[in-house]
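Summary of the model geometry
Next come the chains, spelled out residue by residue.
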Amino acid sequence: MIYLLYLLVAAGVVLFSVKASDYVDLLDKKTSLSGAFIGGIMLSAVTSLPELFTSISSTVLIHQPGLCLGNILGSDLFNMAMLSFFLLIFARTFREGKLSASHRVVTVFVFVCYLVMILNWLGILRIQFLSISLSSVIIVVMYILSIRYMSAEDSEDSDEEDTSPLTVPQIAVRFVLVSIGIVVLSIAITYITDAISIRLHLGQGMAGALFLGIATSLPEASSTVALLRMKNVDIAFGNIVGSNIFNFIIMAVVDILYRGSVYDFSDPQTVVLMLCGAAALPLMWIMMKFRNKATQVICPLGIIACYLAFLMG
């Protein structure tokens, strides 16, 4: 029964998140915002709401920081593996589509966040100021720089005609309503995941990566497929890259709210997950920099291999 409940709640998260993505897309057509900003900041923030509230719930409400860390790192690695899988299918679309240079820059910032996590695990950056970790401070700086680069991208006029009768205020109201639905279901799925991890005797890192990480990454998967089918490579990449850096800022927010250390590496699977994610990011950068037939096969397969290595580790 609990597994069926998990599937139903996860489906609800996807439904609300995809609907929220539709409203963001309408705002894109009715405004002059750039594709990098829409995908990397607005859409990624919408589809990352589940990670935000499940992470807060797992630490502040049920006091399981390991679930939070596994959720964030699991979501990031799953996002990269999922995008890589779809790029193998939409290979020609990826080669010919427009891709903002800011996505590569943000990928470097995400890699810095992984390095910060590794240094924290090794005890080198295990420093706190007023109960806030230095790691969180560095992550916040990386996110601010990411916003700066994505916001600096020039906007392009959309070729699609806006046929929606909704006004901008009406879209905003609907966006708020579906966001509330995402929040409620995200909190619920945290409790369900905790119960499943206890029943299956899973570590917090593994439970967070498998049940929380995958469930909260389904919105990114749904929107990425839709965008690639529309040949909108720029926003598809922006959604994933933006979601990954947004997930790290969630760590900083939780670190401020939680009375204790949110950087919990007691579960060995969490460490494996972190190292696999750090190994996948350079492949992600190479894949975006050199878009040829060789790299678009080797790099995605390498990223997928990193995810499989975690599952088998």
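What comes next is a walk through the structure. Worth saying up front: this structure is predicted, and the values here are computed from it rather than measured.

Our next topic: the overall build of the protein. Along its length, the protein carries 12 helices and two strands. Reading the protein from its N end, one meets helices and strands in the order α-α-α-α-α-α-β-β-α-α-α-α-α-α. Buried residues in the protein amount to 55% of all 313 residues. Taking the intrachain contacts of the protein between residues at least 6 apart in sequence as the baseline, contacts between residues at least 24 apart amount to 84%. Accessible surface computed for the protein: about 13,400 Å², of which carbon and sulfur atoms make up 68%.

On to the packing of aromatic side chains. Scanning the model with the defined rule gives seven aromatic pairs in all. For the ring pair Tyr114 and Phe248, a centre distance of 5.2 Å and an interplane angle of 75° mean the geometry is edge-to-face. In this pair, Tyr114 is assigned in helix α6 (residues 102-121) and Phe248 in helix α10 (residues 233-257), connecting sequence segments 134 residues apart. Like Tyr114, the residue Phe248 is buried in the burial classification. With centroids separated by 6.4 Å and ring planes inclined at 50°, the aromatic side chains of Tyr307 and Phe310 adopt a geometry described as tilted. One end of the pair, Tyr307, and the other, Phe310, are both in helix α12 (residues 295-312), three residues apart, so they sit about a helical turn from each other.

This brings us to the pattern of salt bridges. A complete count under the given rule lists two salt bridges for this structure. Across the salt bridge formed by Arg92 and Glu96, the nearest N and O atoms sit 3.0 Å from each other. Here Glu96 and Arg92 lie together in helix α5 (residues 91-96), a separation of four residues that amounts to about one turn. There is no split in this pair, since Arg92 and Glu96 are both exposed. Salt-bridge contacts for Lys98 lead to Asp234; the nearest nitrogen and oxygen are separated by 3.2 Å. Pair noted here: Lys98 is in the loop between α5 and α6 and Asp234 is in helix α10, with a separation of 136 residues, a long-range link.

On the surface, Val60, Leu61, Tyr191, Val253, Ile256 and Leu257 cluster together into a nonpolar patch covering about 520 Å² of accessible area. Put simply, the parts of the chain that give the nonpolar patch at least two residues each are α3 (49-61) and α10. Per element, the largest residue contribution to the nonpolar patch is three residues, and it comes from α10. Tracing the backbone through its elements, the reader meets Ile256 in helix α10.

Rules behind the numbers
Residues numbered from 1 in each chain as written. Predicted model: local features only at pLDDT ≥ 70, side-chain atom pairs only at ≥ 80, totals over all residues. Heavy atoms only, no water. Helix = DSSP H or I, 4+ residues; strand = E, 2+ residues; numbered from the N terminus. Buried < 20%, exposed > 50% of the residue type's maximum accessible area, 1.4 Å probe, protein only. Contact = heavy atoms within 4.5 Å. Areas by Shrake-Rupley, 256 points an atom, 1.4 Å probe, with all protein chains shown as cover. Phe/Tyr/Trp six-rings, centres within 6.5 Å; stacked < 30°, edge-to-face > 60°. Salt bridge = Lys/Arg side-chain N within 4 Å of Asp/Glu carboxyl O. Patch = residues over 30% accessible without salt bridge, like charges linked within 9 Å, V, L, I, M, F, W, Y side chains within 5 Å.

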